[in-house]
Amino acid sequence: MSKEELRHTYRRRRMALTSEEIETLSMAIANNCLKLPVWEKTYYHLFLSITEKKEVNTEYLLHIIQGRDKSVIVSRSDFRSGDMKHFLLQENTPLRISPYGIPEPTEGIELLPHQIEVVFVPLLAFDRQGHRIGYGKGFYDRFLSQCSSRAIFVGLSFFEPEAEIFSEPTDVSLHFCVTPENVYSFKKT
């Protein structure tokens, strides 16, 4: 299947999930994240879920990260430039829903991509080699390419992997992907 066909298939699969299934599967994903070898780090980038797109509910993972006294970083996307800015999530960090349905900080303490040690990455589909398909705008590929070579990229998916997804030179692959059933580890080249 092409990337567009996979996007369509996985959007449809996600939209078929009930609210109860999303919560149950999201909790299982968060619990499986505890098996990752990333918990000695300090700065964790977490996407805030777009409810209308039935993304993995990252609130459970947020509580785990905060419960371990780690710093959580969240982003604001600029759809004109295609860039993201990253902010430390604190109790007083003001959030708003963007016109695209994304919960985003309006202001706060900004961090640079090279300071972030672990990035939890949204996706629609992934394969057994760690390639992922997002919404197609390239926000995360640009962001991940700016991170330190030591940063760890973790996809979160309701579904198991495809055998293979066509990868382009600008695509940044994952180190891990967590599903409700499994934790996949990929060797990065």
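The following paragraphs examine the structure supplied in this document. (Residues numbered from 1 in each chain as written. Predicted model: local features only at pLDDT ≥ 70, side-chain atom pairs only at ≥ 80, totals over all residues. Heavy atoms only, no water.)

## Points about the sheet that holds strand β7 (residues 118-121)
What holds strands together in a sheet is hydrogen bonding between their backbones, with the strands either parallel or antiparallel. Put simply, the rule is: When DSSP finds two or more bridges between two strands, those strands count as paired. To qualify as a helix, a DSSP run of H or I must reach at least 4 residues; to qualify as a strand, a run of E must reach at least 2; elements of each kind are numbered from the N terminus. For this analysis, residues touch if any pair of their heavy atoms sits within 4.5 Å. In this description, a line fitted to the C-alpha atoms serves as the axis of each element, helices being fitted only across the stretch in contact, and the angle between N-to-C directions of two axes falls anywhere from 0 to 180 degrees.
Sheet architecture is open: eight strands sit in the order β6-β3-β2-β1-β7-β10-β11-β12, paired in mixed fashion. Each edge of the open sheet is held by one strand with a lone partner, namely β6 (110-111) and β12 (183-185). Along the sheet, helix α3 (residues 59-67) contacts β1 (43-45), β2 (71-78), β7 and β10 (152-156); its crossing angle with β2, the most-contacted strand, is approximately 135°. Together, β1, β2, β3 (83-88), β7 and β10 form the strand contacts of helix α4 (residues 139-146), whose direction differs from that of β7 by roughly 170°.

## Concerning unusual backbone geometry
The residue K54 is not glycine, and still its phi comes out positive at about 55°. Note that K54 resides in the loop between β1 and α3. Here the phi dihedral of D69 falls at roughly 55°; this positive angle occurs in a residue that is not glycine. The topology assignment puts D69 in the loop between α3 and β2.

## Some words on the packing of helix α2 (residues 19-33) against α3
Working note: a packed helix pair is described by the angle between its axes plus the distance between those axes. Going by this rule: Orientation is classified from the angle alone, with under 35 degrees giving roughly parallel, over 145 giving roughly antiparallel, 65 to 115 giving roughly perpendicular, and any other angle giving oblique. A clockwise turn of the near helix away from the far one marks a right-handed crossing, whereas an anticlockwise turn of less than a right angle marks a left-handed crossing. Note on residue classes: Ala, Val, Leu, Ile, Met, Phe, Trp, Tyr, Cys and Pro are nonpolar, Asp, Glu, Lys and Arg are charged, and everything else, Gly too, is polar.
Between α2 and α3, whose axes approach to 8 Å, the crossing angle comes to 30°. By the criterion of interaxial angle, the relationship of α2 to α3 is roughly parallel. Both α2 and α3 take part in a crossing whose hand is right-handed. Of the residues in α3, those touching α2 at E23, S26, M27, A30, N31 and C33 are Y60, L61 and I64. Split by residue class, the contact of α2 with α3 holds six nonpolar, two polar and one charged.

## Quick notes on the pairing of β3
Consecutive side chains along a regular strand alternate between the two faces of the sheet. Two elements, β2 and β3, share six bridges in a ladder whose sense is antiparallel. The residue bridging R76 from the neighbouring strand is K85, located in β3. A loop of four residues connects β2 with β3, the two strands running antiparallel in sequence, and G82 in this loop sits at a positive phi of about 80°. Judged from the two bridges that link them, β3 and β6 form a sheet pairing that is antiparallel. Residue pairing across strands places H86 opposite L111, the latter belonging to β6.

## A closer look at the environment of G134
In this structure, G134 sits in the loop between β9 (132-133) and α4. A sequence separation of 127 residues divides G134 from R7, and the C-alpha atoms of the two residues are 7.6 Å apart.

## Describing the environment of Y140
Of note, Y140 is situated in helix α4. With near-sequence residues (within four places) excluded, Y140 lies in contact with H45, F47, M84, V119, F120, V121, P122 and R132.

## Focus on the nonpolar core
Where we set the bar: Here the nonpolar core consists of buried residues drawn from Ala, Val, Leu, Ile, Met, Phe, Trp, Tyr and Cys, with membership extended through side-chain atoms lying within 4.5 Å. For each residue, the accessible area found with a 1.4 Å probe, counting protein chains only, is set against the maximum for its type, and the residue is called buried under 20%, exposed over 50%, and partly exposed in between.
Membership of the largest hydrophobic core comes to 55 residues, with the highest contact counts inside it found for F120 and L156. Ignoring anything within four residues of it in the chain, the contact list for F120 reads C33, L36, Y44, H45, L46, F47, L61, I65, Y140, V154 and L156.

## Quick word on α3
So the rule is basically this: When we speak of the arc, we mean the arc of directions from the helix axis to the C-beta atoms.
When we look at burial in α3, the residues that qualify are L61, L62, I64 and I65. Angular distribution of buried residues about the axis of α3 spans 160°; they occupy a single face of the element. Taken together, the buried residues of α3 touch α2, β1, β2, β7 and β10. Just downstream of α3 lies D69, where phi reads positive at about 55°.

## As for a negative patch on the surface
How we decide: Patches were defined on residues exceeding 30% relative accessible area and lacking a salt bridge, with like-charge contacts within 9 Å and nonpolar side-chain contacts (Val, Leu, Ile, Met, Phe, Trp, Tyr) within 5 Å. Surface exposure here means Shrake-Rupley accessible area, sampled with a 1.4 Å probe, where a residue is shielded only by the protein chains that are shown. Just to be clear on terms, a salt bridge is a Lys or Arg side-chain nitrogen sitting within 4 Å of an Asp or Glu carboxyl oxygen. Counting rule for charge: Lys and Arg are taken as positive, Asp and Glu as negative, and neither His nor the chain ends is counted. The atoms used to mark charge sites are NZ of Lys, CZ of Arg, CG of Asp and CD of Glu.
A grouping of E20, E21, E23 and E59 is seen on the molecular surface, where their side chains present a negatively charged patch. Looking at where E20 falls in the secondary structure, it is placed in helix α2. Residue class for E20 comes out exposed when judged on its relative accessible area of 58%.

## Here's the deal with the packing of aromatic side chains
Aromatic ring pairs: the centre-centre distance and the angle between the two ring planes describe each pair. Filter applied, for reference: Any two of the Phe, Tyr and Trp rings considered here, Trp counted by its six-membered ring, make a pair once their centres fall within 6.5 Å; the pair's planes then place it as stacked at under 30 degrees, edge-to-face at over 60, or tilted in between. Our definition puts a charge over a ring when NZ of Lys or CZ of Arg is within 6 Å of the ring centre and also within 35 degrees of the ring normal.
One pass over the full model with this rule turns up eight aromatic pairs. With a centroid separation of 5.9 Å and an interplanar angle of 65°, the aromatic rings of Y140 and F143 are classed as edge-to-face. Placement of the pair is Y140 and F143 together in helix α4, with a separation of three residues, close to one helical turn. Among the aromatic residues, those joined into a cluster by ring pairs are Y10, F158 and F159. When the ring centre of F159 is taken as reference, the NZ or CZ atom of R13 above it lies at 4.0 Å. Lying over the aromatic face of Y135, K53 brings its terminal NZ or CZ to 4.2 Å of the ring centre.

Taken by themselves, the reported measurements are silent on function.
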